[in-house]
Amino acid sequence: MRSFGWLHFTDLHQGLDAQGWLWPGVREVLLADLEKLHARCGPWDLVLFSGDLTQRGSAAEFARLNQTLQQLWDHLRALGSTPALVAVPGNHDLIRPDPRRPESLVLGRWDTYPEVQVEFWRDASSPYRALVDQAFAPYSEWLKNHPFAGLQLQRGMLPGDCSAVLSKDGLKLGVVGLNSAFLQLGDGDYTGKLALDVRQLHAACGGDGPAWVKECDFALLMTHHPPTWLQAKARDELLAEIAPPGRFVAHVYGHMHEHAGAVVAVGGAQARRELQGSSLFGLEVYDGKVDRRHGYTAARITVDDKNEATLRLWPRVAKKHAAGHWRIVQDLDAFELGDDQGTRPEPLAPPRRRTPPPPPPPPIVIVQPPVPSASTSSGSHPAISQTAPIPFGVMSSLNNAGPGDSGIFYSIAARVQPPGAPYNINWHVHRAEEERTALNYLDQPGAPVVLWGPDKFGKTWMSQFLTDMVYQADGGACRVVAINLDTFDYESRSDYANFIREFAFQIVGSIGGPEDWVPTLWKSPGSVNQKLGRLMRENVLPLASTRVILALDRVDAVWGLPFKDDWFGMLRAWAEDPRLERLRLVLGISTTPRRLIERTTQSPFNLSPPIVLGDLTRDQVETLSHLYGLEWTHQDFAALMSLIGGHPYLVRLAMHRANLAGGLSARELLAEPSNLFDDFLQRYARRLHQHPEMMAGVKRLRSDALAELDPDASAALESSGIAVEEKVGFYRLRYRLYERLRP
């Protein structure tokens, strides 16, 4: 029996602000779990680290990373493993360049400049390649000098591109790592905007990728990003040229902070396997509370005496125990696991090489060189806040301070919040009346908070602000259960029983309850509603000494399901049940409440008047401009709002662009030929083409005139925010910008 074993780590984010005081606790839980798992599936030959090793890519963070990894390697060595490290960089392992540099602006529009792509790949001295090399310079220096290598790396075309071969017992396991983050040089959503090129594969493999892979019995491909983050052209190249079926055992990546796995075979071809890793230290703030994700995966390829090969995984994830502490357990949410907490053996193609195994080699003692001491990056500046908005004037003054301070300037600019970013109280624009009303509802049982507004109008942020305020008012004694109904998969929506069971699992997962709560309750007698009610009364509510806030986002996701009225009726019953008087409901919807449920006597939406989240007012838009450090005039606000009104997302989008462009006025920004709103409009255009009734409705509408619409079209257009009802049955396009959606 011969085998290769490895650990997959990703997204450590060394240097993340809260990590300084939270990592020691996570480390102890991790080391304890590694000891238990080593007995099941160790020893391990490799550690694959798929990016985001650091938070900001500075030399100081990489020095601290060595200290963190040294503790891990010491523990693994004590367990009997001496793994070699193979890593790729992520989008946090770089020093972000000035977004106003011409090279940054051009690379930010990669798909629109094919001639730049040609130059980038052909000319190593290109200014665009130089920018990428400079951004990843601390990572490249760390990769060259860190003490955990153990294998000879062959460097490739871009920083972090590499290949390595592990030889063991007459078999060879190859690992190819490719930099998928070289275009993610700034803030914003890069989904579908990144690139990979087959020339990266060839360069990392000595000039011929396929030939290099054939010299190995098994091979793995590793990137930071999943394929969905690549542009369509790059995804096609990945599937056709880099990783055609059968070339790699698996494509290993991270970035998404949670486990996932997929094996897909198309048209009789060999299967492709994707293995997404959980973040080792993922931390984001939602709903006024910290969302932490910690996990990793162990894996093993085994070749038996018949030369038959299999792959197994042991995915691990941190969960909060009912007692309040963290523990790492098997990840049953992402994988079906067996008695030893691993996946079933998946058959692989037999080894490419049929060389019989040699006699066992003598033991090898690896002497670790000393760890470099941590040093302070020249770009560090402890006096600058890590969370509060930085006025544009501060960034301008730092930018003018000279080349030596350029690292400070980049660091601050990266903190100007882009549109669509997670909730941050420092960037919250208050809606005083709506907030007072909602908090009043939350002070009393039986009055659900219904937040009603179109897509991207701030319902999620408002919900998070409200729960944050309740959490503070209750001195941390309340519990918040936040669930997005859009995350329910097809099977969960197939019938009411499956839906309620998934709802129960989501509730337990949100509060970190024990994994067996739902299976145990589901063995008891009664309907699914009764079982879920018992879960709330007997397990969830006792966790809080004050209130439990059940915040449901994207409630419209159940619209059209045959059992929606039953579920809404259950929520209403909860609101009126004296046994659940500590429960509070926050419901975020985009569809008119009367259209969501047919039986109004069972509706949770009419127990209290809905709170309408509409356009930002002129005063609120001006407040937001101050956060972005913009000195706009009356004419600027008039020009912007005549085009997009007070649309919360679009206003932030425009102000973010104006800030990064050096503090442009709104009139200058709108006068420039740009693609400022193109991505937003294209998402709507695709949706319209997928729904002919919506497209037909848009053709009838204008921004300056009213028209009648049929109920189906009006409901869809109103919930998306494209149309607004001025009087019963009569609608217009919400903004002048939306005239561009009309064919």
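About the thresholds
Residues numbered from 1 in each chain as written. Predicted model: local features only at pLDDT ≥ 70, side-chain atom pairs only at ≥ 80, totals over all residues. Heavy atoms only, no water. Helix = DSSP H or I, 4+ residues; strand = E, 2+ residues; numbered from the N terminus. Buried < 20%, exposed > 50% of the residue type's maximum accessible area, 1.4 Å probe, protein only. Contact = heavy atoms within 4.5 Å. Areas by Shrake-Rupley, 256 points an atom, 1.4 Å probe, with all protein chains shown as cover. Phe/Tyr/Trp six-rings, centres within 6.5 Å; stacked < 30°, edge-to-face > 60°. Pairing = 2+ DSSP bridges. Disulfide = S-S within 2.5 Å. Axes fitted to C-alpha atoms, helices over the stretch in contact; angles between N-to-C directions. Left-handed = near helix turned anticlockwise from the far one by under 90°. Nonpolar A, V, L, I, M, F, W, Y, C, P; charged D, E, K, R; others polar. Expected span 1.5 Å × (residues − 1). Arc of directions from axis to C-beta. Salt bridge = Lys/Arg side-chain N within 4 Å of Asp/Glu carboxyl O. pLDDT = per-residue confidence, 0-100. Polar contact = N/O pair within 3.5 Å; in protein donor to acceptor, adjacent residues only side chain to side chain.

1. Overview of the overall build of the chain
For step 1, the next point in the chain: The helix and strand inventory of the chain stands at 25 helices and 24 strands.
For step 2, the next point in the chain: Here the chain holds 743 residues, and the buried ones make up 53% of them.
For step 3, the next point in the chain: Of the contacts made within the chain by residues no fewer than 6 positions apart, 73% connect residues no fewer than 24 positions apart.
For step 4, the next point in the chain: A total accessible area of about 31,800 Å² is found for the chain, and carbon and sulfur atoms account for 52% of it.

2. Some remarks on the packing of aromatic side chains
For step 1, the next point in the chain: Within the structure shown, the criterion is met by 28 aromatic pairs.
For step 2, the next point in the chain: Ring centres 5.9 Å apart and planes at 65° place the aromatic pair phenylalanine 62 and tyrosine 139 in the edge-to-face group. Of the two residues, phenylalanine 62 is situated in helix α2 (residues 59-79) and tyrosine 139 in helix α6 (residues 137-145); the sequence distance between them amounts to 77 residues. Comparing phenylalanine 62 with tyrosine 139 shows no difference in burial state: the two are buried.
For step 3, the next point in the chain: Taken together, the ring pairs in this structure connect Phe488, Tyr496, Phe499, Phe503, Phe563, Trp567, Phe568, Trp574 and Phe605 into an aromatic cluster.

3. Comments concerning the environment of phenylalanine 503
For step 1, the next point in the chain: Its place among the elements puts phenylalanine 503 in helix α14 (residues 496-511).
For step 2, the next point in the chain: Look at phenylalanine 503 and you get buried, because its relative accessible area is 0%.
For step 3, the next point in the chain: Apart from residues lying up to four places away in sequence, phenylalanine 503 is in contact with Ile483, Phe488, Leu532, Leu550, Leu552, Trp567, Met570 and Trp574.

4. Overview of the sheet that holds strand β6 (residues 171-177)
The strands making up a sheet associate through backbone hydrogen bonding, with each pair oriented either parallel or antiparallel.
For step 1, the next point in the chain: Spatially, 7 strands are ordered β4-β5-β6-β7-β8-β10-β9 in an open sheet, and the strand pairing comes out mixed. At either end of the open sheet lies a strand with only one pairing partner, and these are β4 (154-155) and β9 (260-264).
For step 2, the next point in the chain: Pairing analysis gives 2 bridges linking β4 to strand β5 (residues 162-168), with the strands arranged antiparallel. Paired with arginine 155 across the bridge in β5 is cysteine 162.

5. Quick look at the state of the cysteines
Disulfide: a covalent bond connecting the sulfur atoms of a pair of cysteines.
For step 1, the next point in the chain: A complete count under the given rule lists 0 disulfides for this structure.
For step 2, the next point in the chain: There is no disulfide at cysteine 162, and the cysteine sulfur nearest it, in cysteine 205, is 9.3 Å away.
For step 3, the next point in the chain: The thiol sulfur of cysteine 205 is not disulfide-bonded, and the nearest other cysteine sulfur, from cysteine 216, lies at 8.3 Å.
For step 4, the next point in the chain: A relative accessible area of 5% places cysteine 205 in the buried class.

6. Description of the packing of α2 against α6
If you want to describe how two helices pack, look at the angle between their axes and the distance between the axes.
For step 1, the next point in the chain: It is the contact of α2 with α6, at a shortest axis distance of 9 Å, that shows an interaxial angle of 35°. Judged by the twist between their axes, the crossing of α2 over α6 is right-handed. Taken together, the residues of α6 that come into contact with α2 (itself represented by Ala59, Phe62, Leu65, Asn66 and Leu69) are Pro138, Tyr139 and Trp142.
For step 2, the next point in the chain: Considered class by class, the residues forming the contact of α2 with α6 number 7 nonpolar, 1 polar and no charged.

7. Overview of unusual backbone geometry
For step 1, the next point in the chain: Look at the link from glycine 42 to proline 43: it is a cis peptide, with omega at -5°.
For step 2, the next point in the chain: When you line up the elements, proline 43 lands in the loop between α1 (19-41) and β2 (46-49).
For step 3, the next point in the chain: Residue aspartate 169 is not a glycine yet carries a positive backbone phi of 50°.
For step 4, the next point in the chain: On the accessibility criterion, aspartate 169 (28% relative accessible area) is partly exposed.

8. Thoughts on the sheet that holds strand β23 (residues 723-727)
For step 1, the next point in the chain: Taken together, the 3 strands give an open sheet; going across it, the order is β22-β24-β23, and neighbouring strands pair in antiparallel fashion. Every other strand in the sheet has two partners, leaving β22 (707-708) and β23 as the edge strands with one partner each.
For step 2, the next point in the chain: Pairing analysis gives 2 bridges linking β22 to strand β24 (residues 730-733), with the strands arranged antiparallel. Bridging across to β24, glutamate 708 finds its partner in phenylalanine 730.

9. Side note on the pairing of β6
For step 1, the next point in the chain: Across the 7 residues of β6, 6 count as buried, placing the element largely inside the fold.
For step 2, the next point in the chain: Across 7 bridges, the pairing between β5 and β6 is antiparallel. Of the residues in β6, the one forming a bridge with cysteine 162 is glycine 177.
For step 3, the next point in the chain: What sits between the antiparallel neighbours β5 and β6 is a turn of 2 residues, in which aspartate 169 has the positive phi angle 50°.

10. Observations concerning helix α23 (residues 678-690)
For step 1, the next point in the chain: For α23, spanning 13 residues, the distance from its first C-alpha to its last is 18 Å, which sits close to the expected 18 Å at 1.5 Å a residue.
For step 2, the next point in the chain: Every buried residue belonging to α23 is among Phe680, Leu681, Tyr684 and Leu688, and all of these are buried. Buried residues in α23, looked at end-on, bunch into an arc of 90°, giving them a common side. Away from the buried face of α23 by more than 90 degrees, exposed residues His689 and Gln690 are located.
For step 3, the next point in the chain: Elements in contact with the buried residues of α23: α21 (648-660), α24 (692-700) and α25 (711-720).

11. Some details on helix α9 (residues 232-242)
For step 1, the next point in the chain: Turning to α9, its buried residues are Ala234, Glu237, Leu238 and Ile242. Seen along its axis, α9 keeps its buried residues to an arc of 105°; they face one direction. More than 90 degrees from the buried face of α9, the exposed residues found are Lys233 and Asp236.

12. Some words on the pattern of salt bridges
For step 1, the next point in the chain: Taken as a whole and judged by the stated rule, the model has 29 salt bridges.
For step 2, the next point in the chain: Among the salt bridges present, the one from arginine 293 reaches aspartate 291, with a minimum N-O distance of 3.6 Å.
For step 3, the next point in the chain: Taking the relative accessible area as the measure of exposure, arginine 293 reaches 33% and is therefore partly exposed.
For step 4, the next point in the chain: Residue arginine 554 is joined to aspartate 486 by a salt bridge in which the shortest nitrogen-to-oxygen separation is 3.0 Å.

13. Topic: the confidence of the model for the chain
For step 1, the next point in the chain: When pLDDT is averaged across the chain, the result is 87; 90% of the residues are at 70 or more.
For step 2, the next point in the chain: Within the chain, the element-level pLDDT minimum falls on helix α11 (residues 406-413), averaging 34, and the maximum on β2, averaging 98.
For step 3, the next point in the chain: Contacts for the low-pLDDT stretch residues 354-414, under 50 throughout, to residues beyond four places or in other chains number 75 contacts.

14. Focus on the environment of serine 642
For step 1, the next point in the chain: You can see serine 642 is positioned in helix α20 (residues 634-644).
For step 2, the next point in the chain: Sequence-wise, serine 642 and tyrosine 735 are 93 residues apart; in three dimensions their C-alpha atoms are separated by 7.8 Å.
For step 3, the next point in the chain: For serine 642, the side chain forms a polar contact with the main-chain oxygen of alanine 639, separated by 2.9 Å.

15. Side note on the side chain of arginine 316
For step 1, the next point in the chain: In this fold, arginine 316 is placed in strand β14 (residues 309-320).
For step 2, the next point in the chain: With relative accessibility at 4%, the residue arginine 316 sits in the buried group.
For step 3, the next point in the chain: At 2.7 Å, the side chain of arginine 316 and the side chain of aspartate 33 are in polar contact.
For step 4, the next point in the chain: The contacts of arginine 316, once residues within four sequence positions are left out, are Asp33, Leu37, His259, His294, Gly295, Tyr296, Ile328, Val329, Gln330, Asp331 and Gln341.

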